[in-house]
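# Summary of structural features
In case you want the letters, here they are:
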Amino acid sequence: MTEKSQVTCSVDFTSDGKRSGHLAIPQSTNSAGWAKYFVPILVIKNGSGPTAVLSGGNHGDEYEGPVTLMNLFRELTEEDISGRIIIIPMLNHPAVAAGTRLSPIDDVNMNRAFPGRSTDTITGMIAHFVATEVLPLADLVVDIHSGGSSMHMLPSVNMHRMDDADQMGKMLKAGRRWGAPYVFLYRDVAGSGLLPSYAESLGKVTLGTEMGSKAQYGVDMLRHTSRVRNVLHHAEILRETPPDPGDANPIVVAADNEEDYIMAQTSGIFEPFIELSDQVTAGQQIGQIHSLEHPDRPTEPVIAQSDGILFARRSIPLSRQGECLAVLTRAVDE
Ligand SMILES: [Zn+2]
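Computed from a predicted model, the values in this text were never measured in an experiment.

Parameters at a glance
- Residues numbered from 1 in each chain as written.
- Predicted model: local features only at pLDDT ≥ 70, side-chain atom pairs only at ≥ 80, totals over all residues.
- Pairing = 2+ DSSP bridges.
- Helix = DSSP H or I, 4+ residues; strand = E, 2+ residues; numbered from the N terminus.
- Domains from an automatic or database assignment.
- Contact = placed C-beta atoms within 7 Å.
- Nonpolar A, V, L, I, M, F, W, Y, C, P; charged D, E, K, R; others polar.
- Core = buried A, V, L, I, M, F, W, Y, C linked by C-beta atoms within 7 Å.
- Buried ≥ 20, exposed ≤ 12 C-beta atoms within 10 Å, placed from the backbone.

### So, the pairing of strand β13 (residues 268-272)
The side chains of a regular strand alternate, residue by residue, between the two faces of the sheet. Of the pairings in the sheet, the one linking β13 to strand β18 (residues 318-319) comprises two bridges and is antiparallel in character. If you follow Gly-268 over to β18, its bridge partner there is Ser-319. Relative to strand β15 (residues 285-290), β13 runs antiparallel, the two sharing four bridges. The partner of Ile-269 across the bridge, within β15, is His-290.

### Comments concerning the domain arrangement of the protein chain
The domain boundaries assigned to the protein chain delineate domain 1 (8-254) and domain 2 (259-331). Domain 1 and domain 2 are separated by 30 Å when their C-alpha centres are compared. Contacts between the two partners involve 15 residues from domain 1, matched on the other side by 12 residues from domain 2. Looking at the side of domain 1 that touches domain 2, the elements that each hand over two or more residues are β7 (151-153) and β11 (251-254). If you tally residues by element for the side of domain 1 that touches domain 2, the top one is β11, at four residues. Class assignment for the residues of the side of domain 1 that touches domain 2 results in 10 nonpolar, five polar and no charged.

### Details of the pairing of strand β2 (residues 17-27)
With two bridges joining them, strand β1 (residues 8-9) and β2 adopt antiparallel strand pairing. Within the sheet, the bridge partner assigned to Thr-8 lies in β2 and is Ala-24.

### Quick notes on the nonpolar core
Ranked by size, the top nonpolar core spans 86 residues in total, and within it Ala-52, Ile-126, Leu-135, Leu-140, Val-142, Val-231 and Phe-311 carry the most contacts. Ranked by the residues each element gives to this core, the list is headed by helix α3 (residues 122-134), at eight residues. Inspection of this core shows a minimum of three residues originating in each of domain 1 (8-254) and domain 2 (259-331). The contact partners of Ala-52, leaving out residues within four places of it in the chain, are Ile-85, Ala-138, Leu-140, Val-142, Leu-232, Ala-235 and Ile-237.

Here it is as structure tokens:
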């Protein structure tokens with residue numbers, strides 16, 4: 001983490017104004033021995049004040065963040081803010097350009113690559129620059145996600161549970177102010193190295209989102225993501241009160257237990273029995289898996305191990321053993 005990044009940035013973060021540029025990541029390819037891969041970066045700064053770092057496209061098949069953040073940059077003027085907003089709208093740019101969750105260059109998941117290394121493959125080099133040069137500048141970190149290709153999600157602002165009660169309180173307050181229907185407290189069941197985890201470990205007020213999915217992408221979901229303005233106003237960066245406050249009393253839900261994340265026990269075609277926001281009780285069958293090889297055999301039942309509402313479910317029928325089929329959450333008193 002102490003090694004200097006090999007990534008260069010064409011914009012400066014310190015002077016007032018509104019400007020766009022790029023990160024340049026060294027690459028040597030079959031078509032160019034000497035090359036740089038450009039990742040756009042946008043900065044608006046006006047005087048002293050807090051800094052927000054906003055990212056989208058951490059997963060390349062989640063376009064809610066890129067669209068929202070590019071619109072935000074176009075619409076805001078320097079006079080609209082106090083402080084600074086740094087936007088990386090397409091963090092895993094190769095993946096956004098390819099429409100894939102992971103980078104097609106190195107097959108790496110950006111949200112498992114933090115804090116990266118200066119000598120990593122391209123995804124880890126981008127993560128390392130963001131971890132060492134950008135996130136330390138932030139007071140507020142927002143990383144906009146959705147369920148992408150594989151999961152339908154109820155629209156939420158999300159975060160881990162923090163040991164630091166002061167940090168957790170600030171994150172919950174900021175999360176509620178977004179105005180999404182849900183604030184979702186989640187745990188990591190599929191690895192470490194997340195951008196939000198790293199930002200949280202730096203003590204930053206950190207918000208992620210899960211705003212629908214690729215199939216749910218549209219006017220409603222983009223309205224939810226555009227309410228990031230409410231959080232920027234809450235952080236005293238955006239001067240004017242945004243016109244759309246959203247939900248005044250979001251429901252805080254949590255999936256704290258491993259069994260709340262239901263993984264496929266066998267491979268096959270997943271058939272869901274319940275839909276998002278339906279109430280489920282432990283022991284209830286929430287779906288079944290059909291064998292691709294043995295249509296005559298009984299289906300494999302998918303059983304809920306806990307009570308809760310269906311917060312997320314797999315959107316791709318074809319499922320492999322171990323893939324997440326559903327997530328159950330319960331309202332919590334936070
Ligand atoms: Zn994502």
